[in-house]
Each structure stands twice: as C-alpha cells, then as structure tokens.
Amino acid sequence: MSATDWTLEQGSPQYGRTAVVTGANTGVGLEVARGLATLGATVVLACRNGDAAAAARDDILRTVPGARIDVVALDVADLASVRACAEELRAGYPVIDVLVNNAGVMHQSRQLTADGFEGDFGTNFLGPFALTGLLLDRVLASPAGRIVAVNSKTSRGGRIAFDDLQLEKSFTPAVAYTQSKLAQLMAVFELQRRLEALGSTAISLAAHPGGTRTGILREQPRSVRWVFNRRFRHLTGWFTQDPTGGALPMLRAATDPAATGGQFYGPGGRFEQIGPPVLVRAAGRAQDIEAQQRLWKIAEDLTGVTYPMTREPS
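Residues numbered from 1 in each chain as written. Predicted model: local features only at pLDDT ≥ 70, side-chain atom pairs only at ≥ 80, totals over all residues. Heavy atoms only, no water.

Let's talk about the overall build of the chain
Okay, so step 1: If you tally the helices and strands in the chain, you get 10 helices and 8 strands.
Okay, so step 2: Within the chain, the fraction of its 314 residues that count as buried is 56%.
Okay, so step 3: For the chain, contacts bridging at least 24 residues in sequence account for 75% of all contacts bridging at least 6.
Okay, so step 4: Put simply, the chain shows about 13,400 Å² of open surface, and 53% of that area lies on carbon and sulfur atoms. (Helix = DSSP H or I, 4+ residues; strand = E, 2+ residues; numbered from the N terminus. Buried < 20%, exposed > 50% of the residue type's maximum accessible area, 1.4 Å probe, protein only. Contact = heavy atoms within 4.5 Å. Areas by Shrake-Rupley, 256 points an atom, 1.4 Å probe, with all protein chains shown as cover.)

What follows is the structure, given as structure tokens:
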C-alpha cells in the first residue's frame, strides 16, 4: 500500500470497540459513523437534533445491516448539554475506544453560545474540549483509545487573539472560524503531549475533510451558495468531493493501525481539497507549546473542566 491509496478496507477491524461521533446526523459526521459501523464498531451518534439523529441511525442500518447504532443528545454550543451528554455516555459505556469531535459551525455574523462565548470558538473548540475532558477516563480505559478532532486546513491562517478571544473587537467570519480551528488543533497537540507524559496508550490526532460538500456550505451567504450550486457546478468536482470521500481522513486517523499520536490527516489530491487521505502539514502556530499551554489553561477556566491526568508535560 502506498501513502496515497488508503481506503476504508485498510482500517483495522473495530469489533468490540465503541466509537462516539459528534454531529453525526449528516455530512461528514454521518459518513464517519457509517465507516466505523462498517468496520464493526458500536457507534454512538451524539447529535443536537434527535429526529435527524434517528433518521441517520436508520440510514446507517440500511447500508450496514445488524450494526449497533445508539443515539444521545448533544449540543456542543451548550456546556450544560455537554455535561448531560457526558453523564449519559459514562453511564452507558465503561470504555470509549474512539471519540470523534466532528460537530462544528461557521457563523456569518457574531453569535454567542448558551454560555456567552463567541459562537465559533465556543462550538468548535470549547464544547469539544469540555466533552473530551469529561470522557477522557473512558478513553484511557481502552487499550488503544483514540481522540480525533475534525479540523480544517484553514487553521493555517488562524491566529489566537489572546487579548480578544471572544472577538468583541475584531469579528469577521474568517477570523472567528480560523481562530477556533487553530485553537482546536493546538489542543490536539497539547493533549498528545499530556498523554505521552502520562504513559498512556491513547492517542490524540486531527484530520480535515478538504473541500467537502457539507452543511458548512449551507451556512454561507446566499450569494456564495448560488455560485457553488449554479454557476460553477460543472467545476466543483475539480476541488470538492462528497462526504463519503471527505470522511476518509477522519476514518484513517480513527482506524489506521499505523497512525500515531499528534498526526494530522487530510486529502492528498488537488490543493489538499480532494483525494485519498495522507499526512498533511499543520500550521506552525499550532506547534507553539507555550501558546498551547496558555490556551489549555484558559479553556479549563472557561469550561470548568479539568482533565483527569496525574502528570503534565514538562
């Protein structure tokens, strides 16, 4: 197998393993859940919309008969919902082998989460940070636990506005989204360092779906949607792919037996927008250990969630 021809068939069997996928009712999240079910995992769809999650469950069962698919309620933009979801998962699953933090947004105007955080920062970073911390002991209980963050290559253009994290002074859709995704990627690397310091076999990785036609596009202004849906429809195949293809980087991060902690996967084809999943470059800013640790402490303070680790990296 070359570095560029990975398909789901190369993933390790997931029989006897439990996977939680957030935002799994549609798009990439649904296809990640389907792929994990295909490999034999018990899959928990953690979704905000219960009806949509039930429909997604039925959809997966039509294509993977006999799969075990459960549903729990989760709104990552609401820390009370995050805590309730974590409590339900902890009660039902003593071990969580794979956690895929997929749920996310890209707001076109400055909005606040239920807890008063800037919408992208709260939904894409703080909510998943809290959920991961609240479930970490369940992942550590797995002999081969994996935590996968669904990121974006736009994180390379992000900057952490430590003096204006909620973007009260400097909001634009691009600034908000890229900051939230850079923050998420920094947390992936900081968590991996902490897992290594703990001597854990669990690993923390990231992956991005490239130019995938998902719900994020529906959140763009009408003029942008019209361009993609009408004028340039005949060209989009050159730089976008369907959710099945977009899910492969996350599935590789979650199931490839050769994957290691701190890796970042994305499409290996044209402009990193389409193609089979390969290792891709992370932003240099994401590797700043001092900034990672500063952001981590801020996230703990804002969410009230402290990760259950006895040793921290030096």
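A look at the sheet that holds strand β8 (residues 277-279)
Okay, so step 1: Taken together, the 8 strands give an open sheet; going across it, the order is β3-β2-β1-β4-β5-β6-β7-β8, and neighbouring strands pair in mixed fashion. Strands at the two margins of the open sheet, each flanked by one partner only, are β3 (69-73) and β8. On average, each strand axis in the sheet is inclined to that of its neighbour by 20 degrees, with strand direction left out of account.
Okay, so step 2: Where strand β2 (residues 42-47) meets β3, 5 bridges bridge the pair, whose relative direction is parallel. Looking across to β3, one finds that Leu-45 is bridged to Val-71. (Pairing = 2+ DSSP bridges. Axes fitted to C-alpha atoms, helices over the stretch in contact; angles between N-to-C directions.)

Some points on the packing of helix α5 (residues 173-198) against helix α10 (residues 289-303)
Okay, so step 1: At a closest axis distance of 9 Å, the pairing of α5 and α10 adopts a crossing angle of 95 degrees. Taken together, α5 and α10 sit at an angle that is classed as roughly perpendicular. For the pair α5 and α10, contact is made by Ala-183, Met-186, Ala-187, Phe-189, Glu-190, Leu-191, Arg-193 and Arg-194 and by Ile-289, Ala-291, Gln-292, Gln-293, Leu-295 and Trp-296, respectively.
Okay, so step 2: Looking at the contact of α5 with α10 residue by residue, the class counts come to 9 nonpolar, 2 polar and 3 charged. (Parallel < 35°, antiparallel > 145°, perpendicular 65-115°, else oblique. Nonpolar A, V, L, I, M, F, W, Y, C, P; charged D, E, K, R; others polar.)

Here's the deal with the nonpolar core
Okay, so step 1: Ranked by size, the top nonpolar core spans 54 residues in total, and within it Leu-89, Phe-125 and Leu-131 carry the most contacts.
Okay, so step 2: Listed by contribution, the elements that provide at least two residues to this core are β2, α3 (79-92), α4 (119-140), β5 (146-150), α5 and α10.
Okay, so step 3: Looking at which element gives the most residues to this core, the answer is α5, with 10 residues.
Okay, so step 4: Setting aside anything within four residues of it in sequence, one finds Phe-125 in contact with Asp-120, Ser-180, Ala-183, Gln-184, Ala-187, Leu-295 and Ala-299.
Okay, so step 5: Listed in part, the 37 residues of the second largest apolar core include Val-28, Ala-56, Ile-69 and Ala-207. (Core = buried A, V, L, I, M, F, W, Y, C linked by side-chain atoms within 4.5 Å.)

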